[in-house]
Amino acid sequence: MFPQQPIWSNTRVDLLQRCSRAFVLRYGVAQLSQNHPKGQALSEIFQIQTPWILLHQTIRETVLEYVEDYANGTIWSTGLLSTKFKHGFTQLIRKRNQLIKQIMETGLISQPGFQCTQVEAHLVEMGTKLCIGLIHHPEFVRILEVGTIKRLEPTDSIHQQNVRIYNAPDMMHFNNDQQFLIKIHPFQQRHKTELELQASLLQLYGDEKTTIVFFHLNKRAWSCRKIVPNPTQKNQAIGIVEQDIKHMMNAFYSVGKHNDLSKVPLADSYRSCMHCNVQSLCPTRHGYERAKAEQRALMCQKGTSVAEYI
Ligand code: SF4
């Protein structure tokens, strides 16, 4: 059930904060049983994203592709950007639909909480506008026009005190002897404290002089924020990572020796279940309050076996 090396990423922490049960299913049970067809399907269920998230993923991908071409001397027209965005978004929606059909064919899910969808024109229009807004942002233009740029992949990780951290910046920008690490946050406006934590972890990919540059959306307009974390902030960030890893380990420990899931807590709020990919496999499918009450009773009896999930 435990990963060979503790792994920290925003995705893991977000899921753990929403629900320990979902976290254990995704990063414990699904990974443990990935060679089993149903275990594989469980893993795939977690890959299904909402069209809204896919829209934001496409914004980031399109902008990063634009940057790569710009650095190689090719500057896209607005028409090309619009075509690229539509193509990227359509591909992601198509893959999502295929994945849903594939999972349904396994028979693992009888009442899916997700459905196949079509590409909606207004989302394409909105996404294209947001891409244009970002590449025309004065600070973004300055980054493109001076110095050099290198793109990083989300799979680029670093090793810190026995923890593998996945928090790669989207790009590295070098200007004279200065280094900037750039992160695009298209999903939502981040709180100041959260940005400082992110900046401190991002700086692990550079050195103590590296400036972190965030582009984030605020009411559909791009804002730019630059942060050079100080040593105290960096130490605090490492401390938070250590705490998060402890919580992850506790969630895995709660499974118990006999792969008993009864002691793995369900979400604290039914709101977390509303958009959960595995609700149709979870006791909460028969009602959140009832499932919570049953879990309290089951804590001292025989629990749910992992085998029931795969
Ligand atoms: S349905 Fe709710 S309790 Fe069940 S795994 Fe999902 S978030 Fe957790």
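This structure is a prediction, so every number in the text was calculated from the model and none was measured. (Residues numbered from 1 in each chain as written. Predicted model: local features only at pLDDT ≥ 70, side-chain atom pairs only at ≥ 80, totals over all residues.)

Enquirer: What exactly am I supposed to notice about the overall build of the protein here?
Expert: Broken down by element type, the protein carries 11 helices and 8 strands. Against the compact-globule benchmark of 19 Å for 310 residues, the protein has a radius of gyration of 21 Å, which places it among compact chains. Expressed as lengths along the three principal axes of its C-alpha atoms, the size of the protein is roughly 65 × 45 × 35 Å. Nonlocal contacts in the protein, meaning residues at least 24 apart in sequence, comprise 71% of its contacts between residues at least 6 apart. (Helix = DSSP H or I, 4+ residues; strand = E, 2+ residues; numbered from the N terminus. Rg over C-alpha atoms; globule rule 2.2 N^0.38 Å. Contact = placed C-beta atoms within 7 Å.)

Enquirer: Honestly, the nonpolar core in this entry has me stumped. Any pointers?
Expert: Side chains of nonpolar character tend, in soluble globular proteins, to be buried together. Membership of the largest hydrophobic core comes to 30 residues, with the highest contact counts inside it found for Val63, Cys131, Leu134 and Ile212. Breaking this core down by element, the ones donating at least two residues are α4 (51-71), α5 (78-106), α6 (121-135), α7 (138-145), β6 (178-185), α8 (192-202), β7 (211-218) and α9 (231-253). Here the element with the most residues in this core is α4; it accounts for 6 residues. When neighbours within four sequence positions are excluded, isoleucine 212 is seen to be in contact with Leu181, Lys183, Ala199, Leu202, Gln203, Lys226 and Ile227. Among the nonpolar cores identified, the runner-up in size contains 27 residues, and Tyr27, Leu261, Ala267 and Tyr288 belong to it. (Core = buried A, V, L, I, M, F, W, Y, C linked by C-beta atoms within 7 Å. Buried ≥ 20, exposed ≤ 12 C-beta atoms within 10 Å, placed from the backbone.)

Enquirer: Please clarify how the environment of isoleucine 238 should be interpreted in this entry.
Expert: Among the structural elements, isoleucine 238 can be located in helix α9. Note on isoleucine 238: 17 C-beta atoms within 10 Å, which makes it partly exposed. For the pair formed by isoleucine 238 and leucine 197, sequence separation is 41 residues and the distance between their alpha carbons is 9.1 Å. With near-sequence residues (within four places) excluded, isoleucine 238 lies in contact with Gln160 and Gln161.

Enquirer: Explain the sheet that holds strand β8 (residues 221-227) to me, please; I cannot follow it from the model alone.
Expert: Pairing between sheet strands relies on hydrogen bonds along the backbone, with the strands arranged either parallel or antiparallel. Read across the sheet, 5 strands follow the order β2-β5-β6-β7-β8 without closing on themselves; strand pairing throughout is mixed. Bordering the open sheet on either side are β2 (148-151) and β8, each of which pairs with just one other strand. Direction aside, the axes of adjacent strands within the sheet are offset by 25° on average. Pairing analysis gives 4 bridges linking β2 to strand β5 (residues 171-175), with the strands arranged antiparallel. Residue pairing across strands places lysine 150 opposite methionine 172, the latter belonging to β5. Sheet contacts for α4: β2, β5 and β6; angle to β2, the most-contacted strand, approximately 135°. (Pairing = 2+ DSSP bridges. Axes fitted to C-alpha atoms, helices over the stretch in contact; angles between N-to-C directions.)

Enquirer: Would you mind showing me how to read the site of the ligand here?
Expert: In the neighbourhood of the ligand, the contacting residues comprise Cys19, Arg21, Ala22, Leu266, Ala267, Ser272, Cys273, Cys276, Val278, Gln279, Cys282 and Thr284. Counting only elements with at least two residues in the shell around the ligand, the list comes to α2 (20-32) and α10 (270-274). (Near = placed C-beta within 6 Å.)

Enquirer: Please explain the packing of α2 against helix α3 (residues 37-45) as it appears in this structure.
Expert: Helix-helix packing is characterised by the crossing angle of the two axes and by the distance between the axes. As a packed pair, α2 and α3 sit with axes 9 Å apart at the nearest point and diverge in direction by 155°. Accordingly, the angle class assigned to the pair α2 and α3 is roughly antiparallel. Remark: the crossing between α2 and α3 carries left-handed chirality. Packed against α2, whose contacting residues are Leu25, Val29 and Ala30, the element α3 presents Gly39, Leu42 and Ser43 at the interface. (Parallel < 35°, antiparallel > 145°, perpendicular 65-115°, else oblique. Left-handed = near helix turned anticlockwise from the far one by under 90°.)

Enquirer: When you look at the sheet that holds strand β1 (residues 7-9) in this model, what are you seeing that I'm missing?
Expert: Read from one edge to the other, the open sheet built from 3 strands follows the order β1-β4-β3, with strand pairing classed as mixed. Strands at the two margins of the open sheet, each flanked by one partner only, are β1 and β3 (158-160). Averaged over all pairs of adjacent strands, the angle between their axes in this sheet comes to 30°, without regard to strand direction. The pairing of β1 with strand β4 (residues 163-166) spans 3 bridges and is parallel.

Enquirer: Mind showing me how you'd approach the pairing of β8 here?
Expert: Successive residues of a regular strand alternate their side chains across the two faces of the sheet. As judged from the 7 bridges shared by β7 and β8, these two strands associate in the antiparallel manner. The residue of β8 that forms the bridge with valine 213 is lysine 226. Count of turn residues in the β7/β8 antiparallel hairpin: 2 residues, of which lysine 219 carries a positive phi of about 50°.

Enquirer: Help me out: how do you make sense of α6 in this one?
Expert: Between its terminal C-alpha atoms α6 stretches 21 Å, which fits the 21 Å expected from 15 residues at 1.5 Å a residue. The complete set of buried residues in α6 reads Gly127, Thr128, Leu130, Cys131 and Leu134. What you see down the axis of α6 is that its buried residues fit within an arc of 160°, all on one side. Residues Ala121 and His122 are exposed on α6 and point more than 90 degrees away from its buried face. Tucked inside the fold, the buried residues of α6 contact α4, α5, α7, β7 and β8. (Expected span 1.5 Å × (residues − 1). Arc of directions from axis to C-beta.)

Enquirer: Any chance you could explain the packing of α8 against α9 here in plain terms?
Expert: Where α8 meets α9, the axes come as close as 9 Å, and the angle between the chain directions of the two elements is 95°. When the axes of α8 and α9 are compared, the pair comes out roughly perpendicular. Together, Glu196, Leu197, Ser200 and Leu201 of α8 and Gln233, Lys234, Ala237 and Ile240 of α9 make up the contact between the two elements. Its residues assigned to classes, the contact of α8 with α9 comprises 4 nonpolar, 2 polar and 2 charged. (Nonpolar A, V, L, I, M, F, W, Y, C, P; charged D, E, K, R; others polar.)

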